[in-house]
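Secondary and tertiary structure notes
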Amino acid sequence: MSDNTTPKTDYAGLSRYQGMIISIGIFVVLLAGLLIYANNISSEIEEDSVQSYVAAEMSNAYGELLENIQLLKLNTYQDPQSPLVQGALKRAKESQDVFTRSLQATAMGGNYISIDGRQYLVDPSNKGVKKALMAEMVKKWKASKPIVDAYIKSANDPAADASLVNAALLSLQNNNARFTEISNFLLADKRAKLEDRTNQLRNVEIFGIVGAVLYLALFLFYFIRKLLTADKIADEARQETTEIMDTVTTGLFLLDRDLTIGSQYSKQLETLIGQKNVGGKNLLDVLSNLINANDLNTTNDFVGQLYNPRTKERLIASLNPLVRQKVKIDDKERYLDFNFHRVYHGKDITRVLVNVADVTNAVLLEEKMEQEREQNDVQLEMLSNILHTDRTLLNDFIDNTNQHIQNINTILKSQSDNTSSLHEKVNA
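This structure is a prediction, so every number in the text was calculated from the model and none was measured.

Quick notes on the overall build of the chain
- Within the chain, the regular secondary structure consists of 10 helices and seven strands.
- Compactness check: the chain gives a C-alpha radius of gyration of 54 Å against a globular reference of 22 Å for 428 residues, more than 25% above the reference.
- Overall size of the chain, expressed as C-alpha extent along the three principal axes, is 180 × 45 × 35 Å.
- Taking the contacts inside the chain whose residues are at least 6 apart along the sequence as the reference set, 57% of them involve residues at least 24 apart.
- By element, 55% of the accessible surface of the chain is carried by carbon and sulfur atoms, the whole surface being about 28100 Å².
- Averaging the locations of the 46 positively and 54 negatively charged side chains of the chain gives two centres separated by 11 Å.

Considering the confidence of the model for the chain
- When pLDDT is averaged across the chain, the result is 81; 92% of the residues are at 70 or more.
- Mean pLDDT values for the elements of the chain range from 73 in helix H10 (residues 419-427) up to 89 in strand S7 (residues 348-358).
- Note that pLDDT drops below 50 for residues 1-7; the model gives that stretch eight contacts with residues more than four away or on any other chain.

Side note on the pattern of salt bridges
- On inspection of all chains with the given rule, the structure shows 10 salt bridges.
- Taking the shortest distance from any N to any O, the salt bridge between arginine 101 and aspartate 97 comes out at 3.1 Å. With arginine 101 and aspartate 97 both in helix H2 (residues 83-108) and four residues apart, the pair spans about one turn of that helix.
- The exposure class of arginine 101 is partly exposed, given its relative accessible area of 27%.
- For aspartate 97, a relative accessible area of 40% gives the class partly exposed.

With respect to the packing of H2 against helix H3 (residues 128-154)
- Between H2 and H3, the least distance of the axes is 11 Å, while the angle of their chain directions is 155°. Overall, the two elements H2 and H3 adopt an arrangement that is roughly antiparallel. Along this stretch, H2 crosses H3, giving a crossing that reads as left-handed. Listed contacts from H3 to Leu89, Lys93, Gln96, Phe99, Thr100, Leu103, Thr106 and Ala107 of H2 are Met134, Met137, Val138, Trp141, Lys145, Val148, Asp149 and Ile152.
- When grouped by side-chain class, the residues that make up the contact of H2 with H3 number 10 nonpolar, three polar and three charged.

Some remarks on the environment of tyrosine 335
- Structurally, the position occupied by tyrosine 335 is in strand S6 (residues 332-345).
- Measuring from C-alpha to C-alpha, the distance between tyrosine 335 and valine 363 comes to 7.4 Å, with 28 residues separating the pair along the chain.
- For tyrosine 335, the residues in contact, after removing those within four places along its chain, are Arg324, Gln325, Lys326, Ala357, Asp358, Val359, Thr360, Val363 and Glu367.

Some thoughts on the nonpolar core
- Formed by 38 residues in total, the largest nonpolar core has its most connected members in Ile69, Phe99, Met137, Trp141, Tyr151 and Leu172.
- Of all elements in the fold, only helix H1 (18-74), H2, strand S2 (119-122), H3 and helix H4 (163-247) reach the threshold of two or more residues within this core.
- Filtering out sequence-adjacent residues up to four positions away, isoleucine 69 remains in contact with Ala92, Tyr151, Val165, Ala168, Leu169 and Leu172.

Structural notes on H3
- Between its first and last C-alpha atoms H3 spans 40 Å; for 27 residues at 1.5 Å apiece the expected length is 39 Å, and the two agree.
- Taken together, the buried positions of H3 are Lys130, Leu133, Met134, Met137, Trp141, Ser144, Val148, Tyr151, Ile152 and Ser154.
- Its buried side turned inward, H3 meets H1, H2 and H4.

A few points about the sheet that holds S7
- Ordered by their spatial adjacency, five strands build an open sheet running S4-S3-S7-S6-S5, and the pairing between neighbours is antiparallel. With partners counted over all chains shown, the strands left at the sheet margins are strand S4 (261-265) and strand S5 (325-329), one partner each. Across this sheet, the average inter-strand angle for adjacent strands is 35°, counted without regard to direction.
- The pairing of strand S3 (residues 251-255) with S4 spans two bridges and is classified as antiparallel. In the strand pairing of S4, phenylalanine 253 is matched with tyrosine 265.
- Contacts from helix H7 (residues 293-306) reach S3, S5, S6 and S7 within the one sheet, and its direction differs from that of S6 by about 20°.

A word on the packing of H1 against H2
- For the pair H1 and H2, the least separation of the axes is 8 Å and the interaxial angle reads 150°. One finds that H1 runs roughly antiparallel with respect to H2. Viewed along their axes, H1 and H2 form a crossing whose handedness is left-handed.

Overview of the pairing of S6
- By the bridge criterion, five bridges tie S5 to S6 in an arrangement that is antiparallel. Paired with glutamine 325 across the two strands is leucine 336, which belongs to S6.
- Between S5 and S6, which follow one another and run antiparallel, lie two residues, and aspartate 330 among them has a positive phi close to 55°.
- Pairing between S6 and S7: 10 bridges, direction antiparallel. Along S7, the bridge assignment pairs histidine 345 with aspartate 348.
- The antiparallel hairpin formed by S6 and S7 contains two residues in its connecting segment, where glycine 346 sits at a positive phi of about 70°.

Observations regarding the side chain of aspartate 337
- Along the chain, aspartate 337 turns up in strand S6.
- Within the buried set, aspartate 337 has no salt-bridge partner at all; the shortest N-O distance to an opposite charge, 4.8 Å, is to arginine 324.
- At a separation of 2.4 Å, a polar atom in the side chain of aspartate 337 contacts the main-chain amide nitrogen of arginine 324.
- Beyond its immediate sequence surroundings of up to four residues, aspartate 337 is in contact with Leu322, Val323, Arg324, Asn355, Val356, Ala357 and Val359.

Quick notes on the rules
Residues numbered from 1 in each chain as written. Predicted model: local features only at pLDDT ≥ 70, side-chain atom pairs only at ≥ 80, totals over all residues. Heavy atoms only, no water. Helix = DSSP H or I, 4+ residues; strand = E, 2+ residues; numbered from the N terminus. Rg over C-alpha atoms; globule rule 2.2 N^0.38 Å. Contact = heavy atoms within 4.5 Å. Areas by Shrake-Rupley, 256 points an atom, 1.4 Å probe, with all protein chains shown as cover. Lys, Arg positive; Asp, Glu negative; His and termini not counted. Charge placed at Lys NZ, Arg CZ, Asp CG, Glu CD. pLDDT = per-residue confidence, 0-100. Salt bridge = Lys/Arg side-chain N within 4 Å of Asp/Glu carboxyl O. Buried < 20%, exposed > 50% of the residue type's maximum accessible area, 1.4 Å probe, protein only. Axes fitted to C-alpha atoms, helices over the stretch in contact; angles between N-to-C directions. Parallel < 35°, antiparallel > 145°, perpendicular 65-115°, else oblique. Left-handed = near helix turned anticlockwise from the far one by under 90°. Nonpolar A, V, L, I, M, F, W, Y, C, P; charged D, E, K, R; others polar. Core = buried A, V, L, I, M, F, W, Y, C linked by side-chain atoms within 4.5 Å. Expected span 1.5 Å × (residues − 1). Pairing = 2+ DSSP bridges. Polar contact = N/O pair within 3.5 Å; in protein donor to acceptor, adjacent residues only side chain to side chain.

Put into structure tokens, the structure is as follows:
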């Protein structure tokens, strides 16, 4: 029965990157704050540009209105329908409309539509000196506008009183100096603010660039140094693992759910199974030339049960088909033991650790002991038969046995300095 449980994502490994995450978070917050501040300055620059543009249109419109009224004054006795008079009159009306709307927008705030049809949102000049100046300008224009309107209404009439144009021109001229002064003050104020905020924006950009470069340099210096230290520790750990894997006398490797052998395994494993570069290969493919198909299928089922969390590992150990498995490697018969143990990560089964041991000597020793036991049984049977023989034969047997025992004692008392001599003693 297979296990379809989806492995849970483990976020514990993120703790090692906590410092990096915090540093990046601080950098992002600082960068966001800088961008917000720069955006606010840009918005203020845009607002000041709008104010400056509207103030400039207001000043230009008043100048054009005065210029066209003067032109109409000079052509008082011309035909009112002449192109010259009609052109000046049209420009005077347009200039008056622009001046009236721009003055209202500057003083009271609100939407302003320019000559080219663009719409601007203007903030009111309702604080400090600007408030008083705009109030004065609005008051003077309220007094002059009816006089100018009266002339413009009668400008197309040939019998109109000439005093109307004189009154309109005089009224405009009386306000011209003060209006110019106020307009210049507004323009100078807006230009000063524009220059100041432009400098602020430039300083913010420079500070942001320099700060980002310095922060990045410190960030890289600190974390590259930390990563180099971590790499050194990892290399040392990897070297220790390699030394262990190269030294251990059994075959060790990890097996995943798909029966794929891990990339790290002990050097002895290749010797035990007679194959090279087994990392990443399927265990069944590796064993296919060593064991029969039935044992392969049983191995597949057995490993599958190890990945089933509801199956007790110690209860299925007896079902392991790869115990004292007889294999033929390099034309030599060997007996291998494959022991399987679960590897846990928290409560999840992530791998299976496999330990391969060569138990050939133990198996042969057991076989030899079995043969000797059978031989001893035969000797005991012979002894029993001897005991039932006559006394003369029994005495001869006892004498012969004593002689053998003395020979054995003599052999056992002899000195043995190495393994070879011990083998000779045993054989003797």
